[in-house]
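The primary structure of each chain is shown beneath.
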Amino acid sequence: MRKPLVAGNWKMNGTRESARTLLDGIKAGAMAVNGADLAVCVPYVFLQQVQEALDGSPIAWGGQDLSKEPKGAFTGDISAAMLLEFGCRFVIVGHSERRTLHGESDTEVAEKTAAALEAGLTPIVCVGETLEEREQDVTNDVVGRQLDAVLARVGSAGLGRCVVAYEPVWAIGTGRTATPEQAQEVHAFIRARVAAEDAEVAGALKILYGGSMKPDNAAELCAKPDIDGGLIGGASLVAEDFLAIGRAAGGS
Ligand SMILES: O=C(CO)COP(=O)(O)O
């Protein structure tokens, strides 16, 4: 039985003040979220504040990216060890915004996944196709290629220590959600691809959906057999919406 995970991706949003209000709100409602785990992935500069606010709470936290290198002359980058020092459990890897805006390749994403695993972090590995790719009917090719790069680097045992997030690029921040059937189809494809390597790992792997998941569509998406929660952008910035998604994912 896979316990759903609802992880917020704050992206590049927030101030100290808004983060405080948001964290207070999430903490206040977290106990009513039964049956799903909660996490927030925040901008680096808020990690200390988040650690202080959430330490001892049921809510985990993490970063939104990391360097594949352990340390050294990499201006602007953050290592896995640094994230660990601030109590992170998770780190998002290979988000489409990083693949597109920062040119991250499949190989680089795989290296980052390996670096996170070596340090003991749980990578949330993002995969997903663009609108053009969906229209060309190459969704499975793209998602399969992105997944295979990670599998080739960390093996099925490594992938078993990851969370995968399927995020169709055309559904991110657009208000255009994949239908539950569209999402389920790709989630089932991902699980089958992993099962071809290792059925046990595939059965236990959490596969989150991301892309305009909101309180009003979360229950329907999460009711699908291969959808194990969500990676939430916009709605994770509003405590009540984030909590409502958590409750829906948990089945309450
Ligand atoms: O990219 C996402 C989460 O990583 C999804 O963002 P939205 O929920 O804002 O569409």
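Residues numbered from 1 in each chain as written. Predicted model: local features only at pLDDT ≥ 70, side-chain atom pairs only at ≥ 80, totals over all residues.

Where an unreviewed UniProt entry is consulted, the protein appears under the name Triosephosphate isomerase, with the organism given as Thioalbus denitrificans. Quoted verbatim from the Subcellular location (unreviewed entry) field of the UniProt record, the comment on the protein reads "Cytoplasm". According to the UniProt record, the Catalytic activity (unreviewed entry) comment for the protein is "D-glyceraldehyde 3-phosphate = dihydroxyacetone phosphate". (UniProt positions renumbered as here; feature names shortened; annotations may be inferred.)

All right, on to the site of the ligand then. Among the 14 residues in the neighbourhood of the ligand, the closest are listed as Asn9, Ile172, Gly210, Gly233 and Gly234. Here the shell around the ligand is composed, by residue class, of five nonpolar, eight polar and one charged. (Near = placed C-beta within 6 Å. Nonpolar A, V, L, I, M, F, W, Y, C, P; charged D, E, K, R; others polar.)

Turning our eyes to something else, we now look at unusual backbone geometry. At Lys11, a residue that is not glycine, the phi angle is positive and equals roughly 55 degrees. With respect to the helices and strands, the residue Lys11 is situated in the loop between strand 1 (5-9) and helix 1 (16-30). Residue Lys11 is classed as partly exposed on the basis of its C-beta count, with 19 C-beta atoms lying within 10 Å. Positive phi, close to 55 degrees, is recorded for Ser212, a residue that is not glycine. Mapped onto the fold, Ser212 is located in the loop between strand 7 (207-209) and helix 10 (215-222). (Helix = DSSP H or I, 4+ residues; strand = E, 2+ residues; numbered from the N terminus. Buried ≥ 20, exposed ≤ 12 C-beta atoms within 10 Å, placed from the backbone.)

Let's shift gears to the nonpolar core. Side chains of nonpolar character tend, in soluble globular proteins, to be buried together. Within the largest apolar cluster, 80 residues are counted, with the highest numbers of intra-cluster contacts made by Ala7, Ile124, Val164 and Ile245. Looking at this core element by element, the count peaks at seven residues for helix 7 (residues 139-159). Filtering out sequence-adjacent residues up to four positions away, Ile124 remains in contact with Ala7, Phe90, Ile92, Val93, Val163, Ala165 and Leu231. (Core = buried A, V, L, I, M, F, W, Y, C linked by C-beta atoms within 7 Å. Contact = placed C-beta atoms within 7 Å.)

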